Amino acid sequence: MSNDEPMVVDDGGDAEKQNWPGRWNHVKKLLERTGPFAHSDFEASPEILGFLLSMCKVLVIGAGGLGCEILKDLALSGFRQIEVIDMDTIDLSNLNRQFLFRLKDIGQPKATVAAEFINKRIPGCEVKPHFNKIQDFDESFYRQFHIVVCGLDSIIARRWINGMLLSLLRYEDGVLDQASLIPMIDGGTEGFKGNARVILPGMTPCIECTLDLYPPQVNFPMCTIAHTPRLPAHCIEYVKVLLWPQEKPFDGVAIDGDDPDHIQWIFEKSQQRADEYNIQGVTYRLTQGVVKRIIPAVASTNAVIAAQCVTEVFKVASSCCNPLNNYMVFNDTDGLYTYTFEAEKKEDCLACSQIPQTIQVSTDDTLQTVYDYLCENPQMQMKSPNITTTMDGKNKTLYMPTIESIKKRTKENLAKKLTDLGLTEGQEIVVSDQTSPTSLIFVIKFKVNS
Amino acid sequence: MAAPVNRKNVDKKAKYDRQLRLWGDHGQALLENAKICLINASATGTEILKNLILPGIGSFTIIDGNKVKGEDVGNNFFLTQDSIGKSRAQVATELLLELNNDVTGNAVEESPEQILENNPEYLKSFTIVIVTSLVERTLLDLSSILYAADIPLLVCRSYGMIGYMRLVVKEHTVIESQPDNAHEDLRLDKPLAGLVEYAHSLDLEAMTKQEHMHTPYLVLLYKFLEKWKEMHNGQVPKNYKEKTSFKDLLRSGIRKNEHGVPEDEENFDEAIMAVNTALNPSKIPSEVQGIIDDPACTNLSSESSSFWIMAQALKQFIANEGNGMLPLRGAIPDMTADSKRYIQLQNIYKEQARTDCIAVTSRVQQILTSLGKASDTIQDNEIKLFCKNSAFLRVIRCRSLTQEYSPDSAATQEISMNFENPDSEIYWYIMLRAADKFYSQYSYFPGTYDDQVDSDSVKLKSCVCSILQELTLGALPKEDYIQELCRYGACELHSVASFMGGVAAQEVIKIVTNQFVPFNNTYLYNAMTTTSATFQL
C-alpha cells in the first residue's frame, strides 16, 4: 500500500512537528473513515487526528513495565501532549522488559529517561516527566488531563488516583457534568496474567467498587513463622521479621531488599533455620523473592496489557469504536485466554456512591473494633486510618497513627468503648487514609442487642 | 559441581531474575540457544522481536526486501525518519539490537520470494520462523517447506482492529505445562502404605492439646475416612450429601473446652475444606491417557524422541507397579502442623515418589536397550521431571496450512459450528481470507485508496462469497464485516500490532522453552469488542 502524497491534515498548523508524508496513514484509516462498528457519536474527520496531535492531554501513571509500553503505544497512535509520573529509579532487573532503559541508565529516574527516549525516537512527541509520587500533586494538576492511563504495581496508588478523579466530578442539580469526567484506563500484570479496564468515574464501577477483585495479601501466621515452620518461605520470613530486628546486622539499619549483602545474610540465616527443622529448598533466589515480595514479570504480558489500554485510550479520545465495557482479563499460560465482562457498580461504594457509609457497632465495641474493621474488612482495606470526629462543635482526634506524637497521645483511645469516648447514635466520624486523597465520612449506628 | 560465578553470569541472573522465576534457568538456556527468523520488519514483526530480544533470545535474522517508507516509520518504533529509503531489514535490526547486548542479530535484504527461489535450505537453520505481511501464495510455499523440515512456523498479522495468529508445528510435546490450578496428588482413595502406617502410629485421643491441633489434615482425613468406611461398607463419601455428612463426622472430632465450646483447631478446618476435592478418585487425566494410547507411544522406533520413550515407560508403569495410577507427584500442600510431623508426612510422599520414579527409570532403560540406544540417551533428571509432571503432559499437533487451505481438507465443520454465533471471531478469519483473495486478484488490499472504498466493497463481497462457496459454508450474517474491512484498508495500527507482538512472542517462547502450552492453531483478536478466540483449523 502506498499513499505517500503530502498529507492534508490539520495538525494544529505547527510545521515544526515534522510530519513527513504518509506518517499517519495507518491511523487515518480509522479516524477519517467511519464504519458499522464505530461509536454512535463518531464523525469521521481529519480534525480528530489534529485533536490527538495537538490538544489531547494524556497522563500516564507509571513508567515501568506497563508504562514504557504505554508511552510507546500512545506516541505511535498520534498522542503528543503526554505527562508521566513515576517515583522510582531504574534497576538492573527492570531491563528484561522496560525497554526504554539501558545499562547506563541504572539509578536514574524512570520517568525522566523514558520521556527522553520517546521524545527522541518519535519526533514531535512531548512527553513531560515527573519524578514524583502521585500524592505530590493536587486537583489543579489532575484536572488538566483528558484521559488518565495507569500502569501501576500498587493497589493503594490505584485507589488514590481513583479517589482523586472522583473528587473532580461536578454535579449540577444532582446531574453529572460530563466535562468534569476524566476517564481512567487501568492495566495490571503478574507473570502471564493481566487485566485492563475502562473506568468512567461516577458512571461505571470504580476501583473501590471492585475491591474484592484484589484479594488481600496473604501473610503467614506468626505462630507458623515463630514455632512451626514447614516451608522454606517460613524460614526466610522468620529471619526477615524476627531475627533481623533481634540481631540488628549492618548497624541496625532496616532491610534493603536491593542490597545483595542484606539478602545474603538473610539467606544464610534462613538456611540455618531450615537445617534445624530438616526443611529443604531455601535458595538465594527464593530468599530475595520472599523478602522483596517479588512478582515475576515478562515483556510479553506487559506488551499485551499496555497495548489494550492504549487501544482504549485511542477509542475513548476519538470515538472511532466502542470502548471496552468494562473489564478484560488475560492469561496465556495454556493457549490464549481473554474474558471480557461488565463489572458492576457497587451501590454503596465507599468512593463513588453518594450514599453515606455507616458502621454498625455494638455498645460494647471499642475504637479498636472500628479501627480493625477499617483495616481488615475486604471492602475497606485501609492501611493506617486517622479517625477524628466533631464534638460540641469542636474537632476531636480519636486516633491518628500517621503522626507519631499524636499517635502516642491518642493510642489509649483504642481500648476505650465508643460510648465512653462520647460517640452517640448517628454521629459522624471522619476517616483519612493513604488509600484515598479525600477524607471519608462514616455514620455510627449502634446495633440493637438481641 | 557449581559453575564458576563470574560477573557476566551474575549480571544475567539479576537482569533476567523476573522471568527466571517463570521458566527457570533451564528454560532460559533453551531461549539463549534459539535462532529466530522474522520475515518482514513490519510493526507487528518488530514488536514480536522486541519481546523476544528483551528476555534474551540467542539470535535473530530479519529477512525483508523492502525499503523503509514514510508510513512504516509512522507505526514502527524501530524505524526512524532518517531511515526512509534505506533497507527496512537493516534499520530494524540495528535499532532492535540496542535492546539487549546479549543478543546477536543480522539483516538479509532479500524478499522471502527470493529466498524461497534461491536458497530455501537457509530457512532450515532456524529454531522457528515468524512471518508477517506475507502474501498468500508465498506463505503457502514457505509453509510447506518448513512443515516438511519440521521447523515451527508462526504467522502473525495486524489488520485494522483485527489481529490474527497461526501456529504450524507438526508435533510439540510439553512436560512442564505448569497448569494454573493443578489438583493435589494426595491419593486418599488409594492411601499410600506409608501414610497408613504413619496414621496408625498416631492416637488422636491420647494427644495433648498442642499435638491434636497440629496434626496434619492429611492424617485426619485418612483416619476419619477409615471410620466412615467402617460404617459404609468400605465405600468413601461420593456425593454431596455424603460429603456433607463426612464433614460433620470430621467436625465431631474437634476437641471441646471445659464449657463444651469447640476449640479453634485450624487443621480440622483445613480437613473439612479439603473434603470437596481430596476424596475424588485419583485417575489418569484424559490428556495423559490420550498420550499413552497415542501411536507415537505404542509404536516406538529408534527415531522416537525421549518424550515418547518415557511415555511408553509410563504406560508400562501404570499397568504394573502403578496399579492403574501415575507415579506419585510427591509434593503435598502446606498445612497446619508442627514442623516435625509435617516433614515426616512430606518424606513419606517424597519416598513413594522416588520409588515410583526408580521403577519408571528402570523401564526407560529397558526400552532404550531394546531400541539399541545408549543408556545415557535420557538422563535421570529428565525422567524425574517427567514423573513429577506426568499428570500435566501435553502434546500439540497443528494441521498444516496446506490442509487448512485445501477445500477438501478444510476445517469446514469447525468453522460452520462457530458460524452460529453472528459475532464470532471466525467471521474475521473469513474476512482475512477474502482480503488475501482480493489481493491475489487485484494486487492491493480493499480500501487502500480513499476514492475506491465503495467499489472495493463490492469486489470484496464477491471474494467473500467465493471463499464461502469453496468451503461450503453459509452466508455472512451481516454486511458490516465487509464495510468494516474496507474501512481498514489493511492499515496496521501500532497498538493492535503491539498486542499481537506480545501474544506471538509468548507463543514462540513456549515453543522454544518447551514450557507452558501453545495454542492450537488459529487465534483471532478483535480490538473493537476486546474479545478473542482460538480455532483449530
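Here the structure is a predicted model, which is why all the values come from computation and not from measurement. (Residues numbered from 1 in each chain as written. Chains lettered and ligands numbered in written order. Predicted model: local features only at pLDDT ≥ 70, side-chain atom pairs only at ≥ 80, totals over all residues. Heavy atoms only, no water.)

**So, the overall build of chain B**
- Broken down by element type, chain B carries 23 helices and 10 strands.
- Projected onto its principal axes, the C-alpha positions of chain B cover 90 × 60 × 50 Å.
- Expressed as a percentage of its 537 residues, the buried residues of chain B come to 57%.
- Taking contacts inside chain B between residues at least 6 apart in sequence as the whole, the part at least 24 apart equals 69%.
- Computing the positive centroid from 52 side-chain charges and the negative centroid from 70, chain B places the two 4 Å apart. (Helix = DSSP H or I, 4+ residues; strand = E, 2+ residues; numbered from the N terminus. Buried < 20%, exposed > 50% of the residue type's maximum accessible area, 1.4 Å probe, protein only. Contact = heavy atoms within 4.5 Å. Lys, Arg positive; Asp, Glu negative; His and termini not counted. Charge placed at Lys NZ, Arg CZ, Asp CG, Glu CD.)

**A few points about the packing of aromatic side chains**
Residue and element names in this part refer to chain B.
- All told, the structure shown has 34 aromatic pairs over all chains when counted by the stated rule.
- Between Trp-228 and Phe-246, the ring centres sit 5.8 Å apart and the planes meet at 90°, which makes this aromatic pair edge-to-face. Taken as a pair, Trp-228 in helix H10 (residues 217-231) and Phe-246 in helix H11 (residues 240-251) lie far apart in primary sequence, 18 residues in all.
- By relative accessible area, which is 0% here, Phe-246 ends up buried. (Phe/Tyr/Trp six-rings, centres within 6.5 Å; stacked < 30°, edge-to-face > 60°.)

**Section: the sheet that holds strand S4 (residues 128-131) of chain B**
Residue and element names in this part refer to chain B.
- If you walk across this open sheet you meet the eight strands as S3-S2-S1-S4-S5-S6-S9-S10, and the pairing is mixed. Two strands bound the open sheet, and with one partner strand each, they are strand S3 (104-108) and strand S10 (531-535). Each strand axis lies, on average, 15° off the axis of its neighbour in the sheet, ignoring direction.
- Taken together, the four bridges between strand S1 (residues 35-39) and S4 define a ladder with parallel strand orientation. Paired with Ile-36 across the strands is Ile-128, a residue of S4. (Pairing = 2+ DSSP bridges. Axes fitted to C-alpha atoms, helices over the stretch in contact; angles between N-to-C directions.)

**Topic: the environment of Pro221(A)**
- Structurally, Pro221(A) is set in the loop between strand S8 (193-199) and helix H7 (222-226).
- Taking the C-alpha atoms as reference, Pro221(A) lies 9.5 Å from His234(A); in sequence the two are 13 residues apart.

**Notes on the confidence of the model for chain A**
- With 96% of its residues at a pLDDT of 70 or more, chain A shows a mean pLDDT of 92.
- Low confidence marks residues 1-16 of chain A, where pLDDT is under 50. Its contacts with residues over four positions away, or in another chain, come to 35 contacts. (pLDDT = per-residue confidence, 0-100.)

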